[in-house]
Amino acid sequence: MWTPSEWGRTLVSLRQQPTHDMDLHGDALLPPRSNRSAIGGGRRSFAPWKDPSVEPLIRYQGIVKRFGDFVAIKKLDLDIYQGEFFSLLGPSGCGKTTLLRMLAGFTAPTEGTLLLAGENVSSVPPHRRPVNMMFQSYALFPHMDVAANIAFGLKMEGLPKAEIASRVEEMLSMVKLEKFAKRKPHQLSGGQRQRVALARSIAKRPKVLLLDEPLGALDKKLKDETQFELMNLQHSLGLTFVVVTHDQEEAMIMSDRIAVMDHGEIAQIATPGEVYEQPGSRYVADFIGDITLIEGTVAGLDSGTVSVKSRATGITHTVLSDRPVSIGQTVWLAVRPEKITISFPDKVRRPTEEMLGVVSDIGYHGKWTIFRVLTGAGLRVSVSQPNSKSFVERPISWNDEVVVSFSPEAAVLLTK
Ligand code: ATP
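First things first, this report covers the structure right here in the doc.

The rules behind each value
Residues numbered from 1 in each chain as written. Predicted model: local features only at pLDDT ≥ 70, side-chain atom pairs only at ≥ 80, totals over all residues. Heavy atoms only, no water. Near = heavy atom within 4 Å. Polar contact = N/O pair within 3.5 Å; in protein donor to acceptor, adjacent residues only side chain to side chain. Areas by Shrake-Rupley, 256 points an atom, 1.4 Å probe, with all protein chains shown as cover. Helix = DSSP H or I, 4+ residues; strand = E, 2+ residues; numbered from the N terminus. Nonpolar A, V, L, I, M, F, W, Y, C, P; charged D, E, K, R; others polar. Core = buried A, V, L, I, M, F, W, Y, C linked by side-chain atoms within 4.5 Å. Buried < 20%, exposed > 50% of the residue type's maximum accessible area, 1.4 Å probe, protein only. Contact = heavy atoms within 4.5 Å.

**Some points on the site of the ligand**
Link 1 in the chain: Inspection of the region around the ligand gives 12 residues, with Ser92, Gly93, Lys96, Thr97 and Thr98 positioned closest.
Link 2 in the chain: Between the ligand and the protein, one listed contact pairs an oxygen atom with a side-chain N or O atom of Ser92 at 2.5 Å.
Link 3 in the chain: One nitrogen or oxygen atom from the side chain of Thr97 is found 2.5 Å from an oxygen atom belonging to the ligand.
Link 4 in the chain: When the free accessible area of the ligand is taken as 640 Å², the share hidden by the protein chains comes to 59%.
Link 5 in the chain: Going through the elements one at a time, strand E2 (70-80) and helix H2 (96-104) are the ones with two or more residues in the shell around the ligand.
Link 6 in the chain: The biggest single contributor to the shell around the ligand is H2, with 3 residues.
Link 7 in the chain: Split into classes, the residues belonging to the shell around the ligand amount to 5 nonpolar, 6 polar and 1 charged.

As structure tokens, this is what we get:
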């Protein structure tokens, strides 16, 4: 697990910009709340979706996909921009691959229009689209060695021999398979085959590259390294990547924007920082990272603050929010574990702010420890603490009585 500062350094060097990114635990390196407009613009100064004069490269308009009676994609609109690293994220079966296959031309939409660089491609066959797809199954040529597999598309394009050789070398180095150039696919491990497929799909430098779980078979260390190589290459070549993944960490690290999908619909499209810090719904909040959700009703409204009375905590919480709500409305507070404090109870209790509970689980994550606290009212609260001190007077342990609390700016108010 990387520390926030390690993250910052690496991504600054990659994107030449300060970053809001997260460590693998999901902890955002965010600008202060007063500067929230910077979220999403931080990865690099690249946000064409904010500029109404920029035409999207890819436009899904009113797309529906039915397989018999089953509706896999429900009336979906989605714009993806030139040079974007875009991820489709969501649980198995939510329609990610179907969207990708439509773009590649392997599946036709039942309804709607799909535009690529302003052209309706609904009836353009796959080989006529400026799109390359890396399949989950890799689809390598079994009789060709690794180098020949990577070179295949370039040969078909009639590139000069020297150019092909240099691109193959570059790709082999990117996927760290220099020593395997002469091996056939059956002489490789699953992860190595995946890297060959990745190298082959990027070698052609298609305008749009569609990647279906491109790093799924890689071990953690290799995945971390390849992610950065991939981002660097995509950025330096100005390619557009659309990636399907169910791995939220991967999506968070690599993407300019993420579409979180739910049963054939898009639940939210936003930058990684926004999706993490400002989820639009309980579904998104819960899908991305660890979170405590607290149900309550709106008890008071003031300019920029909302009071939420919760039976689950026995507290009337004050949160900062501009979201329009009305008195009596059911709402939820979403609080990330790193924004909740945990300590042993003081002699002087503060029942209007603190929840008293018992530690039910402890997860040691190296740099972090996650505590699950069961409060008296039956709420399960997730709290994380950095393991920055090597010696703690008395560490919090299982079954300890503790108090947990969070400040008004720590919670996000959700209405759905
Ligand atoms: P995974 O992460 O498991 O690959 P996904 O989000 O990519 O899932 P899709 O492959 O897009 O999901 O499938 C979306 C839904 O459509 C699933 O419920 C799947 O069973 C269904 N589906 C996909 N292809 C077909 C098909 N050819 N016939 C019938 N149903 C299909």
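**Brief notes about the nonpolar core**
Link 1 in the chain: Core analysis: the largest hydrophobic core is formed by 40 residues, its most contacted members being Ile150, Leu198, Ile202, Leu230 and Phe241.
Link 2 in the chain: Listing elements by their share of this core, those giving two or more residues are helix H3 (146-156), helix H4 (161-174), helix H5 (190-203), strand E7 (208-212), helix H6 (220-237), strand E8 (240-245) and helix H7 (248-254).
Link 3 in the chain: Here the element with the most residues in this core is H5; it accounts for 6 residues.
Link 4 in the chain: Excluding anything up to four places from it in sequence, Leu198 contacts Met134, Met174, Val175, Leu211, Pro214, Leu215, Thr226 and Leu230.
Link 5 in the chain: Grouped together as the second largest cluster of nonpolar side chains are 28 residues, Ile73, Phe86, Leu100 and Met102 included.

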